Amino acid sequence: MPSRPTAARIGLALAGGGPLGAIYEIGALCALDEVLQGVTLTQCDGYVGVSAGGFIAAGLANGYTPRELCRAFIENLGPASEVFEPSLLVRPAVGEFLRRGAALPGLLGSAAWHYAFGRRSLMSAVERLGRALPTGLFSNEQIHTRLAQLFSEPGRSNDFRTLGRKLVLVATDLDSGSAAPFGQPGWDHVPISRAVQASAALPGLFPPVEIDGRHYVDGALKKTVHASVLLEQGLDLMICLNPLVPFEAREDGEGGPHRIPRIADGGLPVVLSQTFRSMIHSRLELGLRSYERAYPGTDIVLFEPEAHDAEMFLANTFSYSQRRRLAEHAYQSTRQALRTRFGELAPRLARHGLALNEAALADTTRTLLDARAAGRRERVSRSLTSLQHTLDRLEQHLAQA
C-alpha cells in the first residue's frame, strides 16, 4: 500500500442509524474519498464504529474502499464472494421464536397459578407472559456469518489483533448498560464479524448477541459516536459521520415535493422518527462539545445531512428498496456541503496536510452510480417480479383445474 502523504494522525468515527445510516455513510464516504487529498480512507490511524457505522468501519479498516463498499452493499455488483446481500438482514429470527414459544406453556401455567393462588393481580400474572415474546424480529446471525466470510479473503482479517489498523466497535452490555469497546485491549479476542453483529443488534429488531456469557445490543444506546476511544490516542484530526438529524419543518413553501410544513401532520411514524433523531442528535452535540474541551489539540470535523433534507428524513430507516437512490442523494448532498463549507474546511484541513480537490468538487457531472445501468437493473427487477406473479397465478389456476 502507498504511504499516506501526511504525517498527521487521522481517525474516522461513524455513528449508527440502521440500514439508512449505512447507505448514507457509504454515499458520503464516496464523495469524501474523491475530493480529500492527502489521506486515503482505508489508511486512517483509527476507526470507531457504532451500530451500522461499525459495519462500514470494519470494511474500511479491512481495506475495502468506499466505492467497493458501494458495489458490494448498494449495487450488489462484483464477485459473489464480495457481495453483501441486504436480504440477509431481514430473515425471521426463527430460532428465537421457537425458543420463546417453547417456554409459553410453562409461563401460562405459572401465570395461572400466581393469579389463582398467589394473590396476584391479573395484570401482574399476565406480565409473566412477556418472557415468551421474542427479543427480536429478524435474525442477525447472518451478519456474523457473511462478514466472517468476507474478512477471511486474502488481505483481510477477522481478528482485531492482526488487522493492522486500530478498529473499535462499540456495543452495549445489556445486563449492565455499560459500553463494550470491542477491539480495545481485553476486548480484542472477539471476531470482528461478531463485534459488528453485537454493535448493530438494535433491540426489538435483532436479538441480543451472546459473547462470553454476556448479552450485547446496539452501541448507540450508550453514546452516538464513542469517539473518545480514538481521541485518547492523540489524534490530530477526527472525521465524524452522523446519518440521523432532526428535521426542521418549513411553512414557507420551500422544500419541493417532500415539503413538510408540520411534523405532526405526518402522523405517529413521523413523530416517532423526529423524537428518536432529536434524542440521538442532542447526545451527539453534547459529546462533541465535551470532546472539544477534553481534546483541544484535535480538530473534529462532522458531516451529516442538512436539517431541511426531507429526502433523508422521510426515508424508512430500515428499508433497502431505495438504497441506490438514497446513496446517490447522500453522495450529491455531501458534495454540495463540501462546496458550501469550502471556506471553513480548507484551512482546517490544511493544518494537517490535507486539501480539497476544487476541480473534482466543481465537476457537476459526477455521479455515484451509473444511472442508465441502475435503470436497466430496476426494469429487469420489475420484469422478473411480474413474471413471478404470472407464474404464481398460473400455478394456482392449474391447481384448481
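Residues numbered from 1 in each chain as written. Predicted model: local features only at pLDDT ≥ 70, side-chain atom pairs only at ≥ 80, totals over all residues. Heavy atoms only, no water.

## Comments concerning the overall build of the protein
Logical step 1: A count of helical and extended segments in the protein gives 14 helices and 10 strands.
Logical step 2: About 19400 Å² of surface is accessible on the protein, with carbon and sulfur atoms providing 56% of the total. (Helix = DSSP H or I, 4+ residues; strand = E, 2+ residues; numbered from the N terminus. Areas by Shrake-Rupley, 256 points an atom, 1.4 Å probe, with all protein chains shown as cover.)

## Here's the deal with helix α1 (residues 18-35)
Logical step 1: With 18 residues, α1 should cover 26 Å at 1.5 Å per step; its first-to-last C-alpha distance of 26 Å lies within 8% of that length.
Logical step 2: With respect to burial, α1 is a largely interior element, 16 of its 18 residues being buried. (Expected span 1.5 Å × (residues − 1). Buried < 20%, exposed > 50% of the residue type's maximum accessible area, 1.4 Å probe, protein only.)

## A few points about empty space enclosed by the protein
In this approach a probe as big as a water molecule rolls over the atoms, and the regions it shows empty are the leftover space.
Logical step 1: Following the criterion strictly, the structure yields two cavities of 30 Å³ or more and no others.
Logical step 2: What the largest cavity holds in volume is close to 100 Å³.
Logical step 3: Around the largest cavity sit Phe 55, Gly 59, Tyr 64, Leu 69, Ala 72, Phe 73, Glu 82, Phe 84, Leu 147, Leu 150 and Phe 151, which together line it.
Logical step 4: For the lining of the largest cavity, the secondary-structure elements that each account for two or more residues are α2 (52-61), α3 (66-75) and α6 (141-150). (1 Å grid on protein atoms, 1.4 Å probe; cavity = no way out; pocket = protein on both sides within 12 Å on 5 of 7 lines; lining within 4 Å. Points joined across faces, edges and corners; volume = space filled by probe spheres on them.)

## Describing the pairing of strand β8 (residues 237-241)
Logical step 1: With five of its five residues buried, β8 lies for the most part within the structure.
Logical step 2: The two faces of β8 match: Leu 237, Ile 239 and Leu 241 on one face and Met 238 and Cys 240 on the other face are all buried.
Logical step 3: For strand β1 (residues 10-14) and β8, the ladder comprises five bridges, and the chain directions are parallel. Considered in β8, the bridge of Ala 13 is made with Cys 240. (Pairing = 2+ DSSP bridges.)

## So, unusual backbone geometry
Logical step 1: At Asp 212, a residue that is not glycine, the phi angle is positive and equals roughly 55°.
Logical step 2: Within the secondary structure, Asp 212 is located in the loop between β6 (209-211) and β7 (214-218).
Logical step 3: Exposure remark for Asp 212: the relative accessible area of 61% places this residue in the exposed category.
Logical step 4: One non-glycine residue, His 226, lies in the positive phi region at around 55°.
Logical step 5: With respect to the element layout, His 226 can be found in the loop between β7 and α8 (228-231).
Logical step 6: When its relative accessible area of 5% is taken as the criterion, His 226 is described as buried.

## Some words on the nonpolar core
Logical step 1: Judged by nonpolar contacts, the single largest core of 77 residues is most densely connected at Leu 12, Ile 56, Leu 167, Leu 169, Phe 182, Ile 192 and Leu 241.
Logical step 2: If one sorts the elements of this core by residue count, α1 sits on top with 11 residues.
Logical step 3: In contact with Phe 182, other than residues within four places in its own chain, are Phe 160, Leu 167, Val 168, Leu 169, Ala 171, Trp 187, Val 190, Ala 195, Ala 198, Ile 211 and Tyr 216.
Logical step 4: Among the nonpolar cores identified, the runner-up in size contains 21 residues, and Ala 13, Val 48, Val 225 and Tyr 291 belong to it. (Core = buried A, V, L, I, M, F, W, Y, C linked by side-chain atoms within 4.5 Å. Contact = heavy atoms within 4.5 Å.)

## Describing the UniProt feature "active site" (unreviewed entry) in the protein
Logical step 1: The sites that UniProt annotates as "active site" (unreviewed entry) are Ser 51 and Asp 218. These annotated residues cover 168 residues of sequence, and their C-alpha atoms all fall within 5.7 Å of one another, placing them together at a single site.
Logical step 2: Inspection of the secondary structure puts Ser 51 in the loop between β3 (46-50) and α2.
Logical step 3: Beyond its immediate stretch of four places on either side in the chain, Ser 51 contacts Gly 16, Gly 17, Val 170, Ser 199, Ala 200 and Asp 218.
Logical step 4: Sequence-distant contacts of Asp 218, defined by excluding residues within four places in its chain, comprise Val 50, Ser 51, Thr 172, Ala 198, Ser 199, Ala 200, Ala 201, Leu 202 and Pro 203. (UniProt positions renumbered as here; feature names shortened; annotations may be inferred.)

## Observations regarding the pattern of salt bridges
Logical step 1: As enumerated under the stated definition, the model contains 14 salt bridges in all.
Logical step 2: Close ionic contact of Arg 161 with Asp 159 constitutes a salt bridge, the shortest N to O distance being 3.1 Å.
Logical step 3: Of the residues examined, Arg 161 reaches a relative accessible area of 53% and is grouped as exposed.
Logical step 4: Across the pair Asp 299 and Arg 351 runs a salt bridge, and its minimum N-O distance is 2.7 Å. With Asp 299 in strand β9 (residues 299-303) and Arg 351 in the loop between α12 (342-350) and β10 (355-356), this pair connects stretches of sequence that are 52 residues apart.
Logical step 5: Residue Arg 351 is classed as exposed on the basis of its relative accessible area, which comes to 53%. (Salt bridge = Lys/Arg side-chain N within 4 Å of Asp/Glu carboxyl O.)

## Things to note about the pairing of β7
Logical step 1: Pairing geometry for strand β4 (residues 166-173) and β7, over three bridges, is antiparallel. Residue pairing for β7: Thr 172 is matched across the bridge by Val 217.
Logical step 2: Pairing geometry for β6 and β7, over three bridges, is antiparallel. Looking at the pairing, Ile 211 lines up with Arg 214 of β7.
Logical step 3: Linking two consecutive strands that pair antiparallel, namely β6 and β7, is a turn of two residues; a positive phi of about 55° is found at Asp 212 within it.

## Focus: the environment of Phe 97
Logical step 1: Mapped onto the fold, Phe 97 is located in helix α4 (residues 94-116).
Logical step 2: Counting along the chain gives 35 residues from Phe 97 to Ala 132, while the straight-line C-alpha distance between them is 8.6 Å.

## Topic: the confidence of the model for the protein
Logical step 1: Residues at a pLDDT of 70 or more form 82% of the protein, whose mean pLDDT is 85.
Logical step 2: Across residues 1-6, confidence stays below pLDDT 50; counting only partners more than four residues off in sequence or on other chains, it has 17 contacts.
Logical step 3: Across residues 371-382, where pLDDT falls below 50, the model places four contacts with residues more than four positions away in sequence or in other chains. (pLDDT = per-residue confidence, 0-100.)

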